[in-house]
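Observations on the model geometry
The lines below spell out each chain.
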Amino acid sequence: MSRSRGGGQRTILISSPKGGSGKSVLARHLLVSAAQAGLQSIGLDFDRQQTLTKWSMRRAQTRDAFPDFADVPVAPVVLQDWRASLRQANGYDLAVLDTPPSVEDHLPAIDGLARAANLVLVPAVCTQDDVEAVGPWIRSLTDKGFRAVVVLNRANRRTSSFARMRGTLIKAGPVCPTEIPQLEDIHVPAVKGLTLLDYSKSRGIAPFEEIWAFVRREIEL
Ligand SMILES: Nc1ncnc2c1ncn2[C@@H]1O[C@H](COP(=O)(O)OP(=O)(O)OP(=O)(O)O)[C@@H](O)[C@H]1O
Ligand SMILES: [Mg+2]
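Since the structure is predicted, the reported quantities are computational estimates derived from the model, not experimental observations.

**Let's talk about the overall build of the chain**
Counting its regular elements, the chain contains eight helices and six strands. Along the chain direction, N to C, the helices and strands of the chain fall in the order β-α-β-α-β-α-β-α-β-α-β-α-α-α. Computed over its C-alpha atoms, the radius of gyration of the chain comes to 16 Å, within 12% of the 17 Å expected for a compact globule of 221 residues. Overall, the C-alpha framework of the chain stretches about 45 × 40 × 35 Å when taken along its three principal axes. Counting only residues that meet the buried cut, the chain has 54% of its 221 residues in that class. Intrachain contacts of the chain at a sequence separation of at least 6 include 78% that bridge at least 24 residues. In the structure as shown, the chain presents an accessible area of about 10,500 Å², 49% of it carried by carbon and sulfur atoms. On the chain, the mean spot of the 28 positive side-chain charges and the mean spot of the 23 negative ones are 3 Å from each other.

**Brief notes about the environment of D81**
Looking at the element boundaries, D81 is found in the loop between β3 (74-76) and α3 (82-86). Put simply, D81 and F46 are 35 residues apart on the chain and 9.6 Å apart in space, counted from C-alpha to C-alpha.

**Some details on the packing of aromatic side chains**
Two aromatic rings are characterised by how far apart their centres lie and by the angle between their planes. Tallied over the entire structure, the rule returns two aromatic pairs. Taking 6.4 Å as the distance between ring centres and 75° as the angle between the ring planes, the aromatic pair formed by F66 and F69 counts as edge-to-face. Residue F69 is classed as buried on the basis of its relative accessible area of 18%. Aromatic ring contacts, followed pair by pair, group F66, F69 and Y199 into a single cluster.

**A closer look at the UniProt feature "domain: CobQ/CobB/MinD/ParA nucleotide binding" (unreviewed entry) in the chain**
The positions that UniProt labels "domain: CobQ/CobB/MinD/ParA nucleotide binding" (unreviewed entry) are, in the present scheme, residues 12-187. Taken end to end, residues 12-187 is 42% helix and 16% strand, and its first and last C-alpha atoms sit 23 Å apart.

**Re the sheet that holds strand β6 (residues 148-153)**
Spatial ordering of the open sheet is given by β3-β2-β4-β1-β5-β6, a layout of six strands whose pairing is parallel. For this open sheet the edge positions go to β3 and β6, each flanked by a neighbour on one side alone. Mean inter-strand twist for the sheet, computed between neighbouring axes without regard to direction, equals 25°. As paired elements, strand β1 (residues 10-14) and strand β4 (residues 94-98) share five bridges and run parallel to each other. In the strand pairing of β4, I14 is matched with D98. Along the sheet, helix α1 (residues 23-36) makes contact with β1, β2 (41-45), β3, β4, β5 (119-125) and β6, crossing β4 at roughly 170°. Along the sheet, helix α4 (residues 107-116) contacts β1, β4 and β5; its crossing angle with β1, the most-contacted strand, is approximately 145°.

**Concerning the packing of helix α5 (residues 128-143) against helix α6 (residues 160-172)**
The interhelical angle for the contact between α5 and α6, taken along N-to-C directions, is 15°, at an axis separation of 9 Å. Relative to α6, the element α5 lies roughly parallel. α6 is crossed by α5, and the crossing has right-handed handedness. The segment α5 lies against α6, with Q128, V131, V134, G135, I138 and R139 engaging M165, T168, L169, K171 and A172.

**Points about the side chain of R59**
Take R59: it is sitting in helix α2 (residues 51-65). In this structure R59 comes out as buried when scored by relative accessible area, which is 1%. For R59, the side chain forms a polar contact with the main-chain oxygen of G193, separated by 3.1 Å. In this structure, R59 is in contact with V32, F69, A70, V72, K192, G193, L194, T195 and D198, ignoring residues within four places of it in sequence.

Rules and cut-offs
Residue positions are given per chain, counting from 1 as you read along its sequence in written order. Both sets of labels track the order of writing: A upward for chains, 1 upward for ligands. Restriction of local features to residues with pLDDT of at least 70 applies here, the model being predicted, together with a cutoff of 80 or more for giving and counting side-chain atom pairs; totals for whole chains, interfaces and linings are based on all residues. Only hydrogens and water are set aside; all other atoms, that is, all heavy atoms of the structure, feed into the side-chain values. Helical segments are the DSSP runs of H or I of at least four residues, strand segments are the runs of E of at least two, and each set is numbered from the N terminus. In this description the radius of gyration comes from C-alpha coordinates, and the expected globular size is given by 2.2 Å times residues to the power 0.38. Under the scheme applied here, a residue whose accessible area is under 20% of the maximum for its type counts as buried, over 50% as exposed, and between as partly exposed, the area being computed with a 1.4 Å probe on protein chains only. Throughout, a residue-residue contact means that at least one pair of heavy atoms, one from each residue, lies within 4.5 Å. Under the convention used here, a 1.4 Å probe and the Shrake-Rupley method define accessible areas, while residue burial counts only the protein chains that appear. Working convention for charge: Lys and Arg count positive, Asp and Glu count negative, and His plus the chain ends are omitted. Every charge is mapped onto a representative atom, which is NZ of Lys, CZ of Arg, CG of Asp or CD of Glu. Here the aromatic set is Phe, Tyr and Trp, taking the six-membered ring for Trp, and pairing holds for ring centres within 6.5 Å; pairs whose planes are under 30 degrees apart are stacked, those over 60 apart are edge-to-face, and all others are tilted. UniProt positions are given in the numbering used here, feature names are shortened, and annotations may be inferred rather than shown by experiment. Following DSSP output, two strands are said to pair if at least two bridges run between them. The angle between two axes is taken between their N-to-C directions and runs from 0 to 180 degrees, where each axis is a line fitted to C-alpha atoms and a helix contributes only its stretch in contact. Oblique is the label for any angle not covered by the other classes, which are roughly parallel (under 35 degrees), roughly antiparallel (over 145) and roughly perpendicular (65 to 115). Whether a crossing is left-handed or right-handed is set by the direction in which the near helix is turned from the far one by less than a right angle, anticlockwise for left-handed and clockwise for right-handed. The term polar contact refers here to a pair of N or O atoms within 3.5 Å; inside protein, the definition further demands a hydrogen-donor-capable atom paired with an acceptor-capable atom, and it admits residues adjacent in sequence only when both atoms are side-chain atoms.

Structure follows, in structure tokens:
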């Protein structure tokens, strides 16, 4: 049953010029949040590595034994064929689009997906390398009129570099008020196609709950 506030399907594009910044981790936590909220949601995996697709196949296997875990379908799709790929999300309340890192090689497709999306999320690890790449990227997205927000990842608030990186990105574009901390055990549930959110007592779920609440408000879902 859908609990959308109306206004049709919503689409979130997750895109970053940097590899390993947390795009797929963010995608699967948003998809699980949406499913747990009773929304019909689908992941579209535009990355040829198919990280999100493989995760969802492991999840399907886990659900064979433990069907209480929310169903999260993911379709592997092709970036060159982005327009047709989007149609796979027809009928769903929410589509979360996971993409490969090399945005420079796929600019027309990423632009097309950003135009189709209600929100672009740009995960950024709190390092100089990520910030140098993500600053211009978030600026170019907002200059083109897209609603885009940076989500800081692997953050450690106690370090001075965190505050510096955050400050640099805030000058470049909107930044989500909640960051994802460095979580040593984030990959553990992924082995079974799960996320931290699938265990209500997990340490580390609060940031993902906050980011989901923020995103939901942003896209009026
Ligand atoms: N907050 C975090 N704490 C600890 N490890 C993390 C965190 N976020 C991501 N990782 C780890 O970093 C690696 C990269 O994450 P992820 O696959 O989500 O990045 P990505 O942006 O999708 O990468 P790619 O560009 O290759 O698609 C994974 O091994 C993941 O478990
Ligand atoms: Mg990925």
